[in-house]
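Coordinates in review
Read off the chains here:
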Amino acid sequence: MEDLTLWLVVLVALGFDFVNGFHDAANSIATVVSTRVLTPRQAVMWAAGFNFIAFLVFGTHVATTIAKDVVVQDVLSIGVIFAGLLGAIVWDLITFYLGLPTSSSHALVGGMAGAAVAKAGFDVLVTEGIRKIGLFIVLSPLIGLALGLILTVVFAWSFHRVRRVDRLNKGFRRGQLVSAAAFSLGHGANDAQKTMGIILALLIAGGHVQAGGDVPLWVVLAAHTAIGLGTLTGGWRIVKTMGSKITRLQPAGGMAAESAAAATLFFTSAAGIPVSTTHTITGAIVGVGASRRLSAVRWGVASRVVWAWVLTIPGAFLIAAVSYKVVELFA
Amino acid sequence: MTDKRAAFFALMALTCTALVPVADAQFRNLTVGVAVTYLVLALASFLDHRSRQ
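All of the points below concern the structure found in this document. (Residues numbered from 1 in each chain as written. Chains lettered and ligands numbered in written order. Predicted model: local features only at pLDDT ≥ 70, side-chain atom pairs only at ≥ 80, totals over all residues.)

As for the interface of chain A and chain B
In this assembly, 12 residues from chain A lie in contact with 16 residues from chain B. With 9 residues, the top contributor of residues to the side of chain A that touches chain B is helix 6 (residues 127-159) of chain A. Looking at the side of chain A that touches chain B residue by residue, the class counts come to 9 nonpolar, no polar and 3 charged. (Contact = placed C-beta atoms within 7 Å. Helix = DSSP H or I, 4+ residues; strand = E, 2+ residues; numbered from the N terminus. Nonpolar A, V, L, I, M, F, W, Y, C, P; charged D, E, K, R; others polar.)

Some details on the environment of Ile66(A)
Residue and element names in this part refer to chain A. Structurally, Ile66 is set in helix 3 (residues 61-68). Along the backbone, Ile66 and Ala182 are 116 residues apart, and their C-alpha atoms lie at a distance of 23 Å. In contact with Ile66, other than residues within four places in its own chain, are Lys194, Gly197, Ile198 and Pro274.

Regarding the environment of Ala308(A)
Along the polypeptide, Ala308(A) turns up in helix 12 (residues 299-330). Once the C-alpha coordinates of Ala308(A) and Arg41(A) are considered, the two residues, 267 residues apart in sequence, prove to be 28 Å apart.

As for the environment of Gly111(A)
All names here are of chain A. Looking at the secondary structure, you find Gly111 in helix 5 (residues 104-120). Exposure remark for Gly111: the 37 C-beta atoms within 10 Å place this residue in the buried category. It is 5.0 Å that separates the C-alpha atoms of Gly111 and Ala320, two residues lying 209 residues apart in sequence. Once residues lying within four places of it in the same chain are set aside, the contact partners of Gly111 are Gly84, Leu85, Gly87, Ala88, Ala316 and Ala320. (Buried ≥ 20, exposed ≤ 12 C-beta atoms within 10 Å, placed from the backbone.)

Quick look at the nonpolar core
By size, the foremost hydrophobic cluster in this structure holds 123 residues, and its most contacted members are Ile81(A), Leu202(A) and Tyr38(B). Discounting residues that sit within four places of it in the chain, Tyr38(B) has contacts with Ala146(A), Phe9(B), Met12(B), Ala13(B) and Cys16(B). (Core = buried A, V, L, I, M, F, W, Y, C linked by C-beta atoms within 7 Å.)

Side note on the packing of helix 1 (residues 4-19) of chain B against helix 2 (residues 25-52) of chain B
Residues and elements named next belong to chain B. Following both chains from N to C, one finds helix 1 and helix 2 inclined at 165 degrees, their axes separated by 8 Å at the closest point. With respect to each other, helix 1 and helix 2 are oriented roughly antiparallel. Between helix 1 and helix 2 lies a crossing whose hand is left-handed. On helix 2, the residues touching Arg5, Ala6, Phe9, Ala10, Met12, Ala13, Cys16, Thr17 and Leu19 of helix 1 are Thr31, Val34, Ala35, Tyr38, Leu39, Leu41, Ala42, Ser45, Phe46 and His49. Class assignment of the residues belonging to the contact of helix 1 with helix 2 gives a composition of 14 nonpolar, 4 polar and 1 charged. (Axes fitted to C-alpha atoms, helices over the stretch in contact; angles between N-to-C directions. Parallel < 35°, antiparallel > 145°, perpendicular 65-115°, else oblique. Left-handed = near helix turned anticlockwise from the far one by under 90°.)

The structure is reproduced here in C-alpha cells:
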C-alpha cells in the first residue's frame, strides 16, 4: 500500500513538472514570439525540444540540493512531499490564473519547507541550504538584469555603424534562435532537476534509494519528458506579460535578454543552485529596457512580478502546511 | 532632474552589498562582483545623464 502511495506521489511530482513546463513555457518563448522570429507553435516546439535534451548537458547538482539541502532528510516522508508538492501546484495554478509570472521553484522550496515545518517544527530547515537558495532568489534576477543591459550596450556599440538595419535585424533574429535554445536548455536543466530532487527524496523516504545515492536514470528521463510535454502545451497568459508588457523588445534586445538569462542559468545549474527561471529572464528583459532609459520599463508590470516574487514562498509555505495537516488526518 | 537610472543601479549595488555578509564563502566573491558591477553601471549612467544635459 505504501509503495502504491509512493508511486502516486511520483506521478504528482511529474505532474508538477508538467505544470512547471506549461507555466514557464512563456519564459522561453516570449521574446522570440514578441519579436516575431517564430510563430507561437514553432517557438513552443523549439523550447520543448531543448528542455528535453538538457539532461545530456548538465549534471544533477540542483536535484541533490532540493533533495538534501532544504529540509533534513529524517523528516521526509511521502506525506510531507505530497503536501509540499500540493502547496507548490496550488500556488502555481492560482498565479497562472492571475497571469503572474511567479516562480515554480520558489513555490516548491516554500511548499517543501511548509509541509516539513508543519510536521516537525522550524528546526528541520537546513539553514545553510536555505541561505544559499535565498541568496540566489535575489542574485539571479540581478545578474540577469546586469548581463542583459551589458549585452545590449555591447550589441549597440558593435553594430552602430551598420546602415542596413533590416539586414542586421535578420541576423539578430537568427541569433535569437540560438539564444532561445540556450535559455530552454538552462530552463530544462534547472527546473526539471527540481522535480528529480523531489522524486529522489521520495525514493530515499520509501527506501528505494540509499541516503546519499544518485538520481536514477529513469527519473532523469521522466522529469525531462514531463517538462518538455508541459512546455509543448504552453501557457499563453504569461507570454503576453513577459513578451510585451514589461518592455517592447527588438530582435537584438530579445537575443541579449535570452543570452543573459541562459548564462545565469548555466552557471547556477552547474553550481547546483535552484533558481527561478522566470525571475532570471524577467531581470534580463528589464535590463534590456533599462539600457535605453528607465522609463522604457513598465514598472507597474515589473512591480507585480516583484510582489509575486515576495509572496510565493510564504504563499506556498502556508498552503503546504495546511495540506500536511489535512494529509495527517487521513494518514 | 535626478538620474533615476543611476539611483536604481546604486540601490541594486547597495542590496548586493547587504547580501555579502550572509553569502557563503563560496559565493562571496560573486556577490561582491555583482555589487561592483552595479556600482560601475550607476556611475556610467550618471555620467551619461550628465553628458546629455
